[in-house]
Amino acid sequence: MTYLVPDDRQTDEELKKQTNQKIDDLPGEQQLLMSDQIILATVFG
């Protein structure tokens, strides 16, 4: 898995483009979801 570091300056359009890309042979939307899960687990874990 590739951890995608949050970027406060990233626009909605850039995020939408990222979800349509393949990252490490996985859909971008799955990579974003896994990165969000890591952030939540770190905060609340």
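Residues numbered from 1 in each chain as written. Predicted model: local features only at pLDDT ≥ 70, side-chain atom pairs only at ≥ 80, totals over all residues. Heavy atoms only, no water.

What about the environment of glutamate 29?
Here comes step 1: Considering the arrangement of structural elements, one finds glutamate 29 in helix 2 (residues 28-44).
Here comes step 2: When its relative accessible area of 53% is taken as the criterion, glutamate 29 is described as exposed.
Here comes step 3: Between the alpha carbons of glutamate 29 and leucine 4 there is a distance of 11 Å; along the sequence they are 25 residues apart. (Helix = DSSP H or I, 4+ residues; strand = E, 2+ residues; numbered from the N terminus. Buried < 20%, exposed > 50% of the residue type's maximum accessible area, 1.4 Å probe, protein only.)

Structural notes on the layout of surface pockets
Here comes step 1: Taken as a whole, the largest pocket holds about 220 Å³ of empty space.
Here comes step 2: As for the largest pocket, its lining consists of Leu4, Val5, Pro6, Asp7, Gln10, Leu15, Gln18, Leu32, Ser35, Asp36 and Ile39.
Here comes step 3: Among the elements of the structure, helix 1 (12-19) and helix 2 are those that each provide at least two residues to the lining of the largest pocket.
Here comes step 4: With four residues, helix 2 is the single largest residue contributor to the lining of the largest pocket.
Here comes step 5: Looking at the lining of the largest pocket, its residues break down into six nonpolar, three polar and two charged. (1 Å grid on protein atoms, 1.4 Å probe; cavity = no way out; pocket = protein on both sides within 12 Å on 5 of 7 lines; lining within 4 Å. Points joined across faces, edges and corners; volume = space filled by probe spheres on them. Nonpolar A, V, L, I, M, F, W, Y, C, P; charged D, E, K, R; others polar.)

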